[in-house]
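# A structural walkthrough
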Amino acid sequence: MSGTDKTTRHSGDGYNFAYLDEQTKRMVRRAILKAVAIPGYQVPFAGREMPMPFGWGTGGIQLTAALLGRDDVLKVIDQGADDTTNAVSIRKFFQRTAGVRTTERTAEATIIQTRHRIPETPLREDQILVYQVPLPEPLRWLEPRETESRKMHAQEEYGVMHVKLYEDIARHGRIVTSFDYPVRVAGRYVMSPSPIPKFDNPKMDDCPALQIFGAGRERRVYAIPPYTEVRSLDFEDHPFAIQRWVESCGLCGSRNSYLDEIILDDRGKRMFVCSDSDYCRSRRETEDSGPTAVVPENGRETREVKA
Amino acid sequence: MNNLAGPGGIPAGFSSPVHDAQATFRVLLEAMSRPGKRLSVPVQPEVFHGFPDAALSVLLSLADFDTPIWLSDDHRKAVLREFLTFHCGCPVVEQPSEAVFGLVHADINPEMLGKFNPGLPEYPDRSATIVVVAESLETGNGSMIQGPGVRDQAVIRVAGTLPGFWKYVAANSAMFPQGVDFIFVGDGEMVCLPRSVMVREVLCT
């Protein structure tokens, strides 16, 4: 479990550095610059076929390929974890095609490609967060026609989005949208934050790091510059609120992180653990919680759930 | 200085096209995400005296056959045109409105800036990016800016710009989300001014 994996292979034979050819990189780079200049606006780009299927992060990979340099340290997470299939395969992809150093430590990374989580460790100015996005258009479920949703963005016509959230309240008494919760960037564009839990939405606001979003199938790139206001849509009498847990992490004891529920046996025994594997591990290594916390205390981290 | 002599007397571009373009782009991205932050241009091609070397770094990393470029009068030299055509392959156009990139000098007549393409309301990304060549980015007229990417506020100064230039910049920001984006280069440094920032105050020396 070393923090920084050793570079095993280097590019040079067969592929250009970081897989994409230079013309493609220039095209992606120009799109990224326009995306940064128009925060929250989805810039169309000529997304390429990547050697993995859509839905596996082809958008994020193209952005990362356009960003990567030899000195970068790459971290890839999938649902917060470094050791899940998607994260492992993307990390290997760039180890082989770019020969860059990779890490599992949030603090050591210069570029972090993520699928559906923002790391718990606060990001710094010298880091870039790249999101993999399946559906970039927040209005798509409300307006299926691209020509119309474009007009709605152009004319700042976002009332329909509030109606959707209001329907939640009318039906359930509260806003039940819990992931991909729409945000407004710099007071102008309504943007999909990708399917991150709404727990992570506040981390996007005034973030010191640059955040860019890539959708491979839909061929869109958008961005949030550093120190930019990102507001989750809400109502005065139903303010935006993030998820809370009664439980704490069964491994590190954290009460502030996003928790995944893990089923332990077939009798309804469950345990909650941090979704951010690096955050959880760092806490276990440095804090008093230590290895003893690995054994969950009775009644705190595990609980019986009534069928 | 051997590499000054490329084919047909055209100066060489980046010595390592892949990595030099990447290094330049990352600095550009940093500058575009943090408007007003002055950063040094990491790689500059060894070109003839009088060539805008830092501006050429920007164009070598971003321009290609997809990006028509418009050159202002002081840059409309045959050698420069040949350099861009050879290394970037970008068409040089006669009208600013047809260009994706503009290469202009800081003392450009502000009226010319208004002729660049500001994009469409539905497609504001189809707008021009103007590379402005200056002697220095420390002195001269400028403006105090606020907005996305700027913590509190920042000051941009570009030597040689006319006060009218900054009035145009303010009007450009007011058109948001349409508008053009600026990349200023001078004395080995660059600073960016995307349309998203608000001009708080025009500073004239």
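Up top is the structure these notes are about.
As a starting point, this report considers the structure included with it. (Residues numbered from 1 in each chain as written. Chains lettered and ligands numbered in written order. Predicted model: local features only at pLDDT ≥ 70, side-chain atom pairs only at ≥ 80, totals over all residues. Heavy atoms only, no water.)

## Examining the overall build of chain A
- In terms of helices and strands, chain A carries 7 helices and 14 strands.
- The buried share of chain A, taken over its 307 residues, is 57%.
- Relative to all contacts within chain A whose residues are 6 or more apart in sequence, the contacts with residues 24 or more apart total 64%.
- Split by element, the accessible area of chain A, about 13,600 Å² in all, is 50% carbon and sulfur. (Helix = DSSP H or I, 4+ residues; strand = E, 2+ residues; numbered from the N terminus. Buried < 20%, exposed > 50% of the residue type's maximum accessible area, 1.4 Å probe, protein only. Contact = heavy atoms within 4.5 Å. Areas by Shrake-Rupley, 256 points an atom, 1.4 Å probe, with all protein chains shown as cover.)

## Some thoughts on the side chain of Arg105(A)
Residues and elements named next belong to chain A.
- Position of Arg105 relative to the elements: it lies in the loop between strand 4 (101-103) and strand 5 (111-115).
- Judged by its relative accessible area of 19%, Arg105 is buried.
- A distance of 2.9 Å separates a polar atom in the side chain of Arg105 from a polar atom in the side chain of Glu285. (Polar contact = N/O pair within 3.5 Å; in protein donor to acceptor, adjacent residues only side chain to side chain.)

## Some points on the packing of aromatic side chains
- Going through the model one piece at a time under the given rule, you end up with 17 aromatic pairs over all chains.
- Relative to Tyr258(A), the ring of Trp245(A) has its centre 5.0 Å away and its plane inclined at 90 degrees; by these criteria the two rings are edge-to-face. With Trp245(A) in the loop between strand 11 (230-232) and strand 12 (259-263) and Tyr258(A) in the loop between strand 11 and strand 12, the pair connects residues that are 13 residues apart, well separated along the chain.
- By way of ring pairs, the aromatic residues Phe165(B), Trp166(B), Phe182(B) and Phe184(B) are connected into one cluster.
- The cationic tip of Arg188(A) hangs over the ring face of Tyr189(A); the distance from NZ or CZ to the ring centre is 4.4 Å.
- A cation over an aromatic ring shows up here: Arg126(B) above the ring of Tyr123(B), its NZ or CZ 3.7 Å from the ring centre. (Phe/Tyr/Trp six-rings, centres within 6.5 Å; stacked < 30°, edge-to-face > 60°. Lys NZ or Arg CZ within 6 Å of the ring centre and 35° of its normal.)

## Digging into the environment of Asp66(B)
- With respect to the helices and strands, Asp66(B) occurs in the loop between helix 2 (53-62) and strand 2 (69-71).
- Considering only alpha carbons, one finds Asp66(B) and Cys88(B), 22 residues apart in sequence, at a separation of 9.7 Å.
- A polar side-chain atom of Asp66(B) sits 3.4 Å from a polar atom in the side chain of Gln23(A).

## Regarding the sheet that holds strand 11 of chain A
Residue and element names in this part refer to chain A.
- Taken in spatial order, the 3 strands of this open sheet run 8-7-11, and their pairing is antiparallel. Every other strand in the sheet has two partners, leaving strand 8 (189-191) and strand 11 as the edge strands with one partner each. Going from strand to strand, the sheet's axes swing by 30 degrees on average, the running direction of each strand aside.
- Relative to strand 11, strand 7 (residues 183-185) is paired through 3 bridges, and the arrangement is antiparallel. Bridge pairing links Val183 to Ser232 in strand 11. (Pairing = 2+ DSSP bridges. Axes fitted to C-alpha atoms, helices over the stretch in contact; angles between N-to-C directions.)

## Here's the deal with the sheet that holds strand 3 (residues 101-105) of chain B
Residues and elements named next belong to chain B.
- Strands sit in the order 1-8-7-4-3-2 across an open sheet of 6 strands; the sheet is mixed. Since the sheet does not close on itself, it has two edges, and those belong to strand 1 (39-40) and strand 2, each with one partner.
- As defined by bridge partners, strand 1 adjoins strand 8 (residues 189-193) across 2 bridges and the pair is classed as antiparallel. Residue Leu39 lies in a different strand from strand 8, and its bridge partner there is Met190.

## What to know about the pattern of salt bridges
- For the structure shown, the criterion picks out 34 salt bridges over all chains.
- One salt bridge connects Asp64(B) with Arg30(A), and the closest N-O pair in it is separated by 3.2 Å. Residue Asp64(B) is located in the loop between helix 2 and strand 2, and its partner Arg30(A) is located in helix 1 (residues 22-37); the two belong to separate chains.
- Residue Arg30(A) is classed as buried on the basis of its relative accessible area of 15%.
- Close ionic contact of Arg231(A) with Asp234(A) constitutes a salt bridge, the shortest N to O distance being 3.6 Å. (Salt bridge = Lys/Arg side-chain N within 4 Å of Asp/Glu carboxyl O.)

## What about the interface of chain A and chain B?
- Counting from both sides, the interface comprises 40 residues of chain A and, opposite them, 40 residues of chain B.
- Summed over both sides, the interface between chain A and chain B buries roughly 3,300 Å², with carbon and sulfur atoms accounting for 62% of that surface.
- Considering only the side of chain A, the residues that lose the most area to chain B are Arg30(A), Leu33(A) and Lys34(A), jointly responsible for 20% of the buried surface there.
- Where chain A touches chain B, the interface holds 6 salt bridges.
- Taken together, the links from chain A to chain B amount to 22 residue pairs in polar contact (both at pLDDT 80 or more).
- Elements with a minimum of two residues in the side of chain A that touches chain B: helix 1, strand 2 (43-44), helix 2 (58-67) and helix 4 (146-154) of chain A.
- Looking at side-chain class alone, the side of chain A that touches chain B contains 24 nonpolar, 4 polar and 12 charged residues. (Buried area = accessible area lost by both parts, 1.4 Å probe. Nonpolar A, V, L, I, M, F, W, Y, C, P; charged D, E, K, R; others polar.)

## Considering the packing of helix 1 (residues 17-33) of chain B against helix 2 of chain B
Residue and element names in this part refer to chain B.
- With their axes 9 Å apart at the nearest point, helix 1 and helix 2 run at an angle of 110 degrees to one another. One finds that helix 1 runs roughly perpendicular with respect to helix 2. Contact residues: helix 1 offers Ala21, Thr24, Phe25 and Leu28, while helix 2 offers Ser57, Val58, Ser61 and Leu62.
- Across the contact of helix 1 with helix 2, the residue classes break down as 5 nonpolar, 3 polar and no charged. (Parallel < 35°, antiparallel > 145°, perpendicular 65-115°, else oblique.)

## Quick word on the side chain of Arg30(A)
- Only 2.6 Å separates the side chain of Arg30(A) from the backbone oxygen of Leu62(B), close enough to count as a polar contact.
- Look past the residues within four positions of Arg30(A) in its chain and what remains in contact with it is Leu62(B), Ala63(B), Asp64(B), Asp66(B), Thr67(B) and Phe101(B).

## Focus: the environment of Thr103(A)
All names here are of chain A.
- In this structure, Thr103 sits in strand 4.
- As a C-alpha pair, Thr103 and Val73 span 30 residues in sequence and 6.6 Å in three-dimensional space.
- Within the local environment of Thr103, its side chain forms a polar contact with the backbone nitrogen of Arg105, the two atoms lying 3.0 Å apart.

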